[in-house]
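# Chain and residue survey
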Amino acid sequence: MKDRVRGLAYVLGHNIDTDQIIPAKHLVYSLADPEERKLYGVHALSGVPDHVAGLPRGYVRFVPEGQHVSPFRIIIAGKNFGCGSSREHAPAALQIAGIEAVVAESYARIFYRNAVNGGFLVPFETKEPVWEQIKTGDELEIDLPNLTLHSLTTGLVYPLQSLGDVLEIVKAGDVFAYARQSGLFQ
Amino acid sequence: MGMTMTEQILARHAGRFHVSPGDNIWVDVDILMTHDVCGPGTIQIFHKQFGKDARVWDREKVVVIPDHYIFTRDLHAHRNVDLLRQFVAEQQLPYFYDVGTPRYKGVCHIALPEEGHTRPGEVLFGTDSHTCTAGAFGEFATGIGNTDAALVLGIGKLWVKVPETMRFIFEGPLPPYLMAKDLILHIIGDIGVDGATYRAMEFAGDGVMSLSIEERMTLCNMVIEAGGKNGVIAPDAVTEAFVKSKTPKPYEIVVNGQGARFHSVRVYKTREIEPTVAKPHSPDNRDTAFRCRDISLDRAYIGSCTGGKITDFRAAARILKGKQVKVDTFVVPATTEVAKALATERLDGESLQQIFENAGAVIAQGASCAACLGGPSDTFGRLNKSEVCISTTNRNFPGRMGSKSAQVYLASPYTVAASAVTGKITDPRQFLA
């Protein structure tokens, strides 16, 4: 991951489960095919009920109709982001739609693991419910070495929790790169 | 200092004398399971990372069970099964339960024990969140994604962070109107959908040990709905009798060590629990069936790894026998073995299948996950409108069974059957003596 990520925020609440991130009926497209995998971007977050899609007001489409990349770069969320299924299609869909980082109060562990091990996006955590203070469309900048989230729209700066155990995997890129670097296999 | 069951199993598989919660270790894997939805992605990563001529680390330890999108006209879904077939042929994998063959099984978490792949003391990973079901056999079992599964396929190991264990003790046998589903919904209502995140959930007490192996599976199955890493129940004579009847492979009984330390212990008196439901749209939105008695339903669904085992159908049949359902009722046996049992097992002279048919329920032609997770639009039992459904399945987040404007109530097979008869959410005590 780059040292800095800058972009627009898309804000969600608690318990955004994998069926909301990518509804199960879409789990049939090939992730390997460069054209077909775009469909994951087209339908990313399409399972979120309209009235809570893009807080605080809702009714904000994550991906414009007919496109596979979102104008939003960073997701801000509440607790237990990514709960539900173990499907890796969930962090993959968000990455395909252009998301580089999620900043949430907490994560479900399989989603967290998949995001890190697959190198799809960096899952940051905050102690405070930052999602209540940021609006969808605010411009944000994440500084990874300093672990800060800066709202360029409001001027406020929020501390991010240390990545701890997974920092090495994030730095290596994904778990395969990390395992090779650690000498676990060639 | 003694270790919990989970700590011991992980320590042994990492070649260590001792581990503590929080330790990051690499463990040897006994079984890696995958299915039609996540298998293709896993296979693709495996070949990309290990080479197109790479071979899996141990053919005896890979189990491939297509079960999710089977009875559909969706061509992409068919392609997924073909990709599994290609891989199985290329790798010469012995454990593949292929669609359209006599070996086809259905729901992976029920097929695994039926085929003797679940054994005490082992480490089992599956590309499905409900892999935790196998903890009922006294092993460490949890769900992983495609990347992790591809790594396991190549090197037979995975990194794991040792979890703390939360203990849930049930005192007293289950009253005749309660099932394991009520117990686990009760727990999730207490601790919330993230109440067990990163932790093992151990179920104990005479109430739990009085349960059949299938009911123990139901308990462990929904550990993921509380965010838990794995579920575990100490193996006993019931476990061993089942496992020995399915496989000649040796296994190791692991139980909590003396002085093992737990994150927390909760004690429940089983007789104080009432038939429970989880209301839309979260498995922790708990209420009693009695308090929800005014809620009208459009549909009842009995199936899935959580509620589609023969034990679940015996329970539903007890209530549906001689009655008519008031709402569309879908019955989906989890596996081909369960489907056969529906036809051969009898309750007072009537087969379970006849009981369901005579009650007006529709039985799926094939065993699979079907509408538990929505699936392609032509999936049996899928909610395609803003319907209100009561179901024996495991999740009810928005859109889980299809339409995101549908409402899903989770409940036990007894409660779902009773509700199908009245057309409203119904406490099964109304029908059980």
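All residue numbers here refer to positions counted from 1 along the written sequence of the relevant chain. Each chain gets a letter, beginning with A, and each ligand a number, beginning with 1, in the order they are written. pLDDT decides what is reported in this predicted model: residues at 70 or higher carry local features, side-chain atom pairs at 80 or more are listed and counted, and totals for whole chains, interfaces and linings draw on all residues regardless.

## With respect to helix α9 (residues 237–246) of chain B
Residues and elements named next belong to chain B. Three or more residues of α9 are buried, namely T239, F242 and V243. Seen along its axis, α9 keeps its buried residues to an arc of 95°; they face one direction. For α9, the exposed residues lying more than 90 degrees away from the buried face are A237, A241 and S245. On its buried face, α9 sits against α8 (213–221). Partly exposed residues are those whose C-beta has more than 12 but fewer than 20 other C-beta atoms within 10 Å; 20 or more makes a residue buried and 12 or fewer makes it exposed, with C-beta atoms placed from the backbone. Strands are runs of DSSP state E lasting at least two residues, helices are runs of H or I lasting at least four, and both sets are numbered from the N terminus onward. Starting at the helix axis, one direction is taken to each C-beta atom, and the arc is that of these directions. Our contact criterion uses C-beta atoms placed from the backbone: two residues qualify when those atoms are within 7 Å.

## Focus: the environment of A:D174
Of note, A:D174 is situated in the loop between α5 (167–172) and α6 (175–181). Assessed through the 18 C-beta atoms surrounding it within 10 Å, A:D174 is described here as partly exposed. Along the backbone, A:D174 and A:N117 are 57 residues apart, and their C-alpha atoms lie at a distance of 4.9 Å. In contact with A:D174, not counting residues within four places along its chain, are A:N117, A:G118, A:G119, A:I169 and B:T147.

## Remarks on the interface of chain B and chain A
In this complex, chain B contributes 41 residues to the contact, which on the side of chain A involves 37 residues. Of all elements in the fold, only α2 (39–50), α3 (75–91) and α5 (146–155) of chain B reach the threshold of two or more residues within the side of chain B that touches chain A. No other element matches the 5 residues that α5(B) contributes to the side of chain B that touches chain A. Residues are grouped as follows: Ala, Val, Leu, Ile, Met, Phe, Trp, Tyr, Cys and Pro are nonpolar; Asp, Glu, Lys and Arg are charged; every other residue, Gly included, is polar. Partitioning the side of chain B that touches chain A into residue classes produces 13 nonpolar, 19 polar and 9 charged.

## Notes on the domain arrangement of chain B
Residues and elements named next belong to chain B. Per the annotation, domain bounds derive from an automatic or database assignment of domains. Taken domain by domain, chain B consists of domain 1 (5–250 + 261–267) and domain 2 (278–430). Here domain 1 and domain 2 have C-alpha centroids that lie 24 Å from each other. Contacts between domain 1 and domain 2 engage 35 residues on the former and 37 residues on the latter. Listed by contribution, the elements that provide at least two residues to the side of domain 1 that touches domain 2 are α4 (108–114), α6 (180–191) and α8. If you tally residues by element for the side of domain 1 that touches domain 2, the top one is α6, at 5 residues. Of the residues assigned to the side of domain 1 that touches domain 2, the class counts are 14 nonpolar, 11 polar and 10 charged.

## What about the pairing of strand β13 (residues 299–302) of chain B?
Residue and element names in this part refer to chain B. Of the two faces of β13, the one lined by R299 and Y301 and the one lined by A300 and I302 are each fully buried. A pair of strands is labelled paired if DSSP reports no fewer than 2 bridges between them. One ladder, built from 4 bridges, connects β13 with strand β14 (residues 328–331); its direction is parallel. Note on β14: the bridge partner recorded for I302 is V331. Direction of pairing for β13 relative to strand β18 (residues 388–391): parallel, over a ladder of 3 bridges. Considered in β18, the bridge of A300 is made with I390.

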